Amino acid sequence: MTDLTYRSHSVGQNAFHFVWKPKYSSKFLKYEATNKICKGAIRMIAIQNNCKIYELQVMEDHIHLFVELPPTLCVSKSLQLFKGISSRILRRRFKFLNKIPMIWSKGKFFRSVGNVSFKTIQNYIVQSQGDWYFEDA
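A brief structural summary. (Residues numbered from 1 in each chain as written. Predicted model: local features only at pLDDT ≥ 70, side-chain atom pairs only at ≥ 80, totals over all residues. Heavy atoms only, no water.)

### Here's the deal with the overall build of the chain
Part 1 of the argument: Each helix and strand counted, the chain has 3 helices and 6 strands in total.
Part 2 of the argument: Traced from its N-terminal end to its C-terminal end, the chain shows the element sequence β-β-β-α-β-β-α-β-α.
Part 3 of the argument: The buried share of the chain, reckoned over its 137 residues, is 32%.
Part 4 of the argument: The contacts of the chain with a sequence gap of at least 6 include a subset with a gap of at least 24, amounting to 64%. (Helix = DSSP H or I, 4+ residues; strand = E, 2+ residues; numbered from the N terminus. Buried < 20%, exposed > 50% of the residue type's maximum accessible area, 1.4 Å probe, protein only. Contact = heavy atoms within 4.5 Å.)

Structure representation (structure tokens):
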């Protein structure tokens, strides 16, 4: 996870920790079948959108996703994709979920995750302007 991602015109790290939960604290994810399909849906969404999953835990009452996003995908759009598409897949597979108006709550948690601290970056910006090298492609 500490490695930077090198692309044709950029170098960086765009990793986030996401957490979201079912609406009304529903416990439908405690069942092995729904849990497995949910994990598969999230992995599929990540592949389709060029995201790299570092860690995924589907708990009975919430989901933790540690993921690196491509630079073209913003946080709000990625959460919209993960929640929206997984909801559609789960509803198609499990008809009992169609009785619930919304599978996922509106709330969410996200935090940028990196291998340096806030203080390290602040000191770098204030005190030392390092050399940057970008290869032309």
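There is more to say after this.
### Quick notes on the pairing of strand 4 (residues 52–58)
Part 1 of the argument: Here 6 bridges tie strand 4 to strand 5 (residues 63–68), and the two strands are oriented antiparallel to one another. Residue pairing in the sheet places Leu56 in a bridge with Leu65 of strand 5.
Part 2 of the argument: Where strand 4 folds back on strand 5, the antiparallel hairpin that results is connected by 4 residues. (Pairing = 2+ DSSP bridges.)

### Some points on the nonpolar core
Part 1 of the argument: Ranked by internal contacts, the top residues of the largest apolar core, which has 28 residues, are Phe18, Trp20, Ile63, Phe82 and Trp104.
Part 2 of the argument: If you list the elements that add at least two residues to this core, you get strand 3 (15–20), helix 1 (32–48), strand 4, strand 5 and helix 2 (75–93).
Part 3 of the argument: Looking at which element gives the most residues to this core, the answer is helix 2, with 6 residues.
Part 4 of the argument: Not counting the four nearest positions on each side in its chain, Ile63 is found in contact with Phe18, Val19, Trp20, Leu29, Cys38, Ile42, Leu56, Gln57, Val58 and Trp104. (Core = buried A, V, L, I, M, F, W, Y, C linked by side-chain atoms within 4.5 Å.)

### Overview of the packing of aromatic side chains
Part 1 of the argument: Counting across every chain of the model gives 6 aromatic pairs.
Part 2 of the argument: With centroids separated by 6.0 Å and ring planes inclined at 15°, the aromatic side chains of Phe16 and Phe18 adopt a geometry described as stacked. Grouping residues by exposure puts Phe16 and Phe18 together as buried.
Part 3 of the argument: Among the aromatic side chains, those forming a connected cluster through ring pairs are Trp20, Phe28, Phe82 and Trp104.
Part 4 of the argument: Taking NZ or CZ as reference, Lys23 lies 5.3 Å from the ring centre of Tyr24, over its face. (Phe/Tyr/Trp six-rings, centres within 6.5 Å; stacked < 30°, edge-to-face > 60°. Lys NZ or Arg CZ within 6 Å of the ring centre and 35° of its normal.)

### Focus: the sheet that holds strand 4
Part 1 of the argument: Pairing in this open sheet of 4 strands is antiparallel, and the strands run 4-5-3-6 from one edge to the other. Edge positions in the sheet fall to strand 4 and strand 6 (109–113), since each of these pairs with one other strand and no more. Along the sheet, successive strands turn relative to each other by an average axial angle of 10°, direction set aside.
Part 2 of the argument: Sheet topology places strand 3 next to strand 6; 5 bridges connect them, and they run antiparallel. (Axes fitted to C-alpha atoms, helices over the stretch in contact; angles between N-to-C directions.)

### Topic: the environment of Cys74
Part 1 of the argument: Tracing the backbone shows Cys74 in the loop between strand 5 and helix 2.
Part 2 of the argument: For Cys74, a relative accessible area of 43% puts it in the partly exposed group.
Part 3 of the argument: In sequence terms Cys74 and Asn14 are 60 residues apart; their C-alpha atoms lie 9.6 Å from each other.

### Here's the deal with helix 1
Part 1 of the argument: For helix 1, built from 17 residues, the straight-helix expectation of 24 Å at 1.5 Å per residue is met to within 8% by its first-to-last C-alpha distance of 24 Å.
Part 2 of the argument: Along helix 1, the residues classified as buried are Thr34, Asn35, Cys38, Ala41, Ile42, Ile45 and Ala46. Buried residues in helix 1, looked at end-on, bunch into an arc of 135°, giving them a common side. Among the exposed residues of helix 1, those pointing more than 90 degrees away from its buried face are Glu32, Lys36, Ile47 and Gln48.
Part 3 of the argument: Just beyond helix 1, the residue with positive phi is Asn50, at close to 60°. (Expected span 1.5 Å × (residues − 1). Arc of directions from axis to C-beta.)

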